[in-house]
Protein chains: 2
Amino acid sequence: MLYESLADNLARSIERGSLRGGDRLPSVRGLANQRGVSVATVLMAYQQLENDGLVEIRARSGHYVKRKSLVALAEPRPPTVNRTATKVSVCLGVSAVMKAMRDRSVVPLGAAEIDPELLPLRALNRTLSLIAREMQWLGADYGDLNGVPTLRRQLAKRAVKWGLSLHENDFIVTVGAMEAINLCLRAVAQPNDSIAVESPTYFGVLQAIEQLGMRAVEVPSSPRTGLNLLALEQVLRQKKVKAVLASPNSGNPLGAVMSDEHKERLVQLCRQFDVPLIEDDVYGELAFEGRPRPALAWDTDGRVLLVGSVSKTLAPGYRIGWVVPGRYQEKVESLKYALTVSTPAILQMAVAEFLSGGGYDRHLRRLQRRLKSQVERMRSLICEHFPPETRVTCPAGGFVLWVELPPGVSGIAVQQEALRHKIAVAPGSLFGAAGQFDSHLRISCGFPTTERILDAVERLGTIVQTVKRTHQAGPHHVTA
Amino acid sequence: MLYESLADNLARSIERGSLRGGDRLPSVRGLANQRGVSVATVLMAYQQLENDGLVEIRARSGHYVKRKSLVALAEPRPPTVNRTATKVSVCLGVSAVMKAMRDRSVVPLGAAEIDPELLPLRALNRTLSLIAREMQWLGADYGDLNGVPTLRRQLAKRAVKWGLSLHENDFIVTVGAMEAINLCLRAVAQPNDSIAVESPTYFGVLQAIEQLGMRAVEVPSSPRTGLNLLALEQVLRQKKVKAVLASPNSGNPLGAVMSDEHKERLVQLCRQFDVPLIEDDVYGELAFEGRPRPALAWDTDGRVLLVGSVSKTLAPGYRIGWVVPGRYQEKVESLKYALTVSTPAILQMAVAEFLSGGGYDRHLRRLQRRLKSQVERMRSLICEHFPPETRVTCPAGGFVLWVELPPGVSGIAVQQEALRHKIAVAPGSLFGAAGQFDSHLRISCGFPTTERILDAVERLGTIVQTVKRTHQAGPHHVTA
C-alpha cells in the first residue's frame, strides 16, 4: 500500500496546484532517494497517477503532469417541470442492468459498484472471521430487533462527524438502504399516494415506489444545485404529495451536493406543508469536498427520516443499512419486525468493530480521493471521445456521471449496442418514472481507468456516433 | 455429546415401548460397563431423561421409566366459522412479545424460540469463520440476487427428501421466511385484497397482512387435521380471496400435520378456484413422525409458493429463508431486488456448507426427538397444574402448545400477570385477526424442562386459577 500513499500525496499536490499541467515530476530515482522508498514503489505510484489520468509519460523525457483536457463538454440541462403524478414503470429495465452486473466479462460502467480493490474487504472479513470464531452463540436468536447496540452506538458517534446529534436508539439497522427506503415509504404513505422525488433519480427509489403501488411526482433536479426548490414548493402547495424523497448529498445519478441554505429551505418547506422528508444519504460519505451535513441537521420536529448504508463505502454484500426514522420510529419498527424481523447480527458486529477502529476514516479519505480522480478521468475521456453536443455532469461527489447524449440519440439503443461489445452502461430511461430520460446514460466510475476501460469509453464514443448516424439515416427510427 | 447419544437411545427405547412406565433402568455402573462409557456419562444421560420427564428417581432404588400422566386434558375446539374479511390489528401486541423475548430474566415460554444449546451454532459459526477468513473478497458485491448457487443447490438436493423435485433455479433466497411471505403476498395480491388464512394462525402472517393493507379471511383449523377444507371451499366459492396462506406441516400454533389426502385436496381446491397457495413450511422439518411432504408435491401448474427457512432448525439470527415461487418467479424476483436487493452471501455460504455435510440430518433427527420430548413434558405439566377445564393440543410437530383456558379466563390477563412473575407466554389474541382468541395461550416448549420451567408452569397454573377467580368475583371484570 506504500505506493498508494505516495500516489495520493502526489495527486493532492496536483489538485492543490503545487504541481501544474506540464510540470515534470521528479525523476524516479530522485524521488526514491528523497522519500527513502524503493524505485519500484515510485514506479508503481507514477503508474497509478497515469491510470488516474493525472500524469503522462513523454518518451525519453519522464513523467509530466497532464494538462487539463481542452475539450470541455457542457453540463446536462435539468428536465422541464412536469407536476403530474406518474405511475412508475422501470422494473424490467432494472433487472437487465442488475444481471449484467454479475457478468465479469462485461466492462462495468453500468451498475453503481466500486472496485473491490478499493474496499477494505480483507480487513472486514478478517474481523468477521474472528467474531464468528469467538462468539459461538451468535445466530442463536433474532438479536436486538432494532440492531446490535454496538453498531448503533458507532453510528451515533459517526453522526457527530455528519453534524448531527443522535442517540443510538434513534437508529434502526436495516438490510441495506433499500429496505430502509421501503420501510420509510410504507411508514409515511399508502398505495396510490404520491411521493415527490428528484428528477432524474435513482431507479431503486422508483422501483420501490412502483412496487408499493405509489406514484412519483418528479421535481426537476439540477446537476449543480440539486432539487429545484421553487418547483418543489409549487408541488407542495398543490398538496398532491404525501412525502418528499431526496438525496441532497451527491445523490445518484447527478452527484449534486445541495448547499446548506438549500437544505435548510428544503426542510422548512416540508415543515410548512407538513410532509415528511425521506433523506437518502447513501452517498453522503463520498462527497469530494468534505462530509456535507444531511438535511436532518435542520430538522426541528422529527419529520426527516435519514437513510444510510455501508454499501458504497465498505461492503455492499453485507447488506447493512440504517434509518433514523424520527417521529415515525414506532411505525418503522413495527414494519421492520413484520418484514425481515431483524438484520443479521453477526454482520452488524463486524461492521461495528470495523467502524470503531481508526482505519475507517483513513479508508474514507482515500476512497473519496480515488473516486474523485476516477470520475475526473472518466469525464475527460468522455470529453475526448463523445460527440461535442454531448453534455456531462461535473459531480460534487459519488462516482457516477450523468450524460446527456446528442439530440436524437437513444440511451437504450446505446446501451444495447454497447452490451453487444461487452460494455455495460445504465440507460437514462431508468432514472425517470416514465422513461423520459432516454436521451441520457449513467456511466459508473467505480473502477480505476485501466486500458480495458479506456478502450470501452472510446468504443462507447463510436457507438454514440454510430447510433446517431443510424438514427438520422432513416425516419423510421425516429421516436417522439 | 456422548451422554446425549446415550440419552437419545434410551428415549427411543421408551418411545417404542421396549422400556415401559414403571420399568427400572439398568444400574448406572451396569450400563456404563455394558456400553463401555464412564459412570459420569450414564449419570448425565439419566439426568437428561429426568429433565425430559421420561424418567424419575426413586430414593435408594434407582431410575424408573415414568408412568404417563393420568390426568389428560381435552384438545382445544376449532373456532367457529366466520367468513367475513377482517381488518387485521395485532402489531402492538406482537411488539410486546418480541421485546419480552430479549429479556433473559424472563422464563421463555412466549416466543417460538429454541434453546441455543439444541442448535449446532458452534459448528455453523466455525464454518462461517473459515469462509470469512479464506474468501477475502466476500461482500464485494450483491452476489447472485436470487441467492448463492451453492445454497440453492443444497436446497434443491434437500427437496428430494421432502418428496419434491426442484431445480436450484426454482429457489430465491430471502432474509428469513418473513421476507419470503411478504414477497409472496405482494406478488399475488394488492392492498384491500383478502387472503384466506388458517385460524388460529401465526401472528407474523397476520402482521404482514395488516401492514400490507390486505384483509384476512379466517378459515377454522383443527388441532388434528389442520385447515377445514369444507370451510375453505365455501370461502373460495364466494370468490372473496386472492390467495390462500397455510402451513400444512406442523404449523404454528396448532402443530397439526395435514394428511396427504387433505394436502392434495387443498391444492385441487386452489386450482379449481384459480387462486395461488402460499405454503409456509417453516416447521416442516420438525414433524415428529418423519418429514411430511409439502402441499407443493401435488401442484401441477406452479400455483403453490413454498416458503421455508433455517430459523427453526439452525440459526434464527442468520436470517436465511427461501421461496420457491412457481409461476410467480419473475414477480417475486423483481420485488426482492427492490426490497433488500439480495440476502447476505456470506451467511448463505455458511449455511450451504453446513447443509452439505452429513451432520445436518443427524442434527435434525436429534432435534425432532428432543423437541417432541419437551412438548410431551410440557403437556403433562399443563395437565398437572392447570384447571381441568383447560384444553391443550397434542401437536404432530413443532414445539408450541395451543392452550384453551377455562371459560371466562382471559389470555391477556394471564400473560400480564405471568410477566409480573417474569414468565413470558404468548396471548392467544395475537393469533386471530380480530383478537378473538383471548381465551387461549400459546406456550413454547423450545427449552428443556429445567427446574425453572417446572416452577414457571406450576405458577402459570396458579395464575390461571387466580385470574379465573378474580374474574368470577366481580361483574366489572367481565368482558364480552
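Procedures and definitions
- Residues numbered from 1 in each chain as written.
- Chains lettered and ligands numbered in written order.
- Predicted model: local features only at pLDDT ≥ 70, side-chain atom pairs only at ≥ 80, totals over all residues.
- Heavy atoms only, no water.
- Least-squares fit on C-alpha atoms with pLDDT ≥ 70 in both.
- Contact = heavy atoms within 4.5 Å.
- Buried area = accessible area lost by both parts, 1.4 Å probe.
- Salt bridge = Lys/Arg side-chain N within 4 Å of Asp/Glu carboxyl O.
- Polar contact = N/O pair within 3.5 Å; in protein donor to acceptor, adjacent residues only side chain to side chain.
- Helix = DSSP H or I, 4+ residues; strand = E, 2+ residues; numbered from the N terminus.
- Nonpolar A, V, L, I, M, F, W, Y, C, P; charged D, E, K, R; others polar.
- Pairing = 2+ DSSP bridges.
- Axes fitted to C-alpha atoms, helices over the stretch in contact; angles between N-to-C directions.
- Buried < 20%, exposed > 50% of the residue type's maximum accessible area, 1.4 Å probe, protein only.

1. Observations regarding the relation of the copies chain A and chain B
- Mapping chain A onto chain B calls for a screw motion: a turn of 180° about the axis and a shift of 0.1 Å along it, with 0.1 Å RMSD after fitting. Those values place the two copies in the arrangement expected of a two-fold rotation axis. Nearest to the rotation axis, the C-alpha of Ser129(A) is located 2.0 Å from it, this being the minimum over chain A.

2. Here's the deal with the interface of chain A and chain B
- On the side of chain B, 61 residues touch chain A, which itself brings 61 residues to the contact.
- For the pairing of chain A and chain B, the buried interface totals around 5400 Å² over both sides, and the portion due to carbon and sulfur atoms is 60%.
- Contact with chain B buries area across many residues of chain A, yet Trp137(A), Tyr142(A) and Gln211(A) alone supply 12% of it, more than any other trio.
- At the boundary of chain A with chain B, the tally comes to zero salt bridges.
- Linking chain A to chain B there are 21 residue pairs in polar contact (both at pLDDT 80 or more).
- Secondary-structure elements contributing two or more residues to the side of chain A that touches chain B are helix H4 (91-101), helix H5 (121-134), helix H7 (176-188), helix H8 (203-211), helix H11 (329-339) and helix H12 (345-356) of chain A.
- Residue composition of the side of chain A that touches chain B, grouped by class: 31 nonpolar, 15 polar and 15 charged.

3. Structural notes on the sheet that holds strand S14 (residues 400-404) of chain A
Residues and elements named next belong to chain A.
- Spatial strand order, S4-S15-S16-S14-S13: five strands in an open sheet with mixed pairing. A strand with exactly one partner marks an edge of an open sheet, and here the two such strands are strand S4 (107-109) and strand S13 (391-392).
- On the sheet, helix H13 (residues 359-385) packs against S4, S13, S14 and strand S16 (440-444) and is oriented at approximately 20° with respect to S14.

4. Some remarks on the sheet that holds strand S4 (residues 107-109) of chain B
Residue and element names in this part refer to chain B.
- With mixed pairing, five strands are arranged side by side in an open sheet as S4-S15-S16-S14-S13. Edge positions in the sheet fall to S4 and strand S13 (391-392), since each of these pairs with one other strand and no more.
- Sheet topology places S4 next to strand S15 (residues 423-427); three bridges connect them, and they run parallel. Pairing of Val107 across the sheet is with Ile423, part of S15.
- Lying on the sheet, helix H13 (residues 359-385) is in contact with S4, S13, strand S14 (400-404) and strand S16 (440-444); it crosses S14 at an angle near 20°.
- Contacting S15 and S16, helix H14 (residues 411-420) crosses the sheet at an angle of about 165° to S15.

5. Examining the side chain of Ser194(B)
Residue and element names in this part refer to chain B.
- Here Ser194 is to be found in strand S6 (residues 194-199).
- Relative accessible area serves as the criterion here: at 8%, Ser194 is assigned to the buried category.
- Ignoring sequence-local partners within four residues, the contact set of Ser194 consists of Ala85, Arg215, Val217, Lys240, Val241, Lys242 and Ala243.

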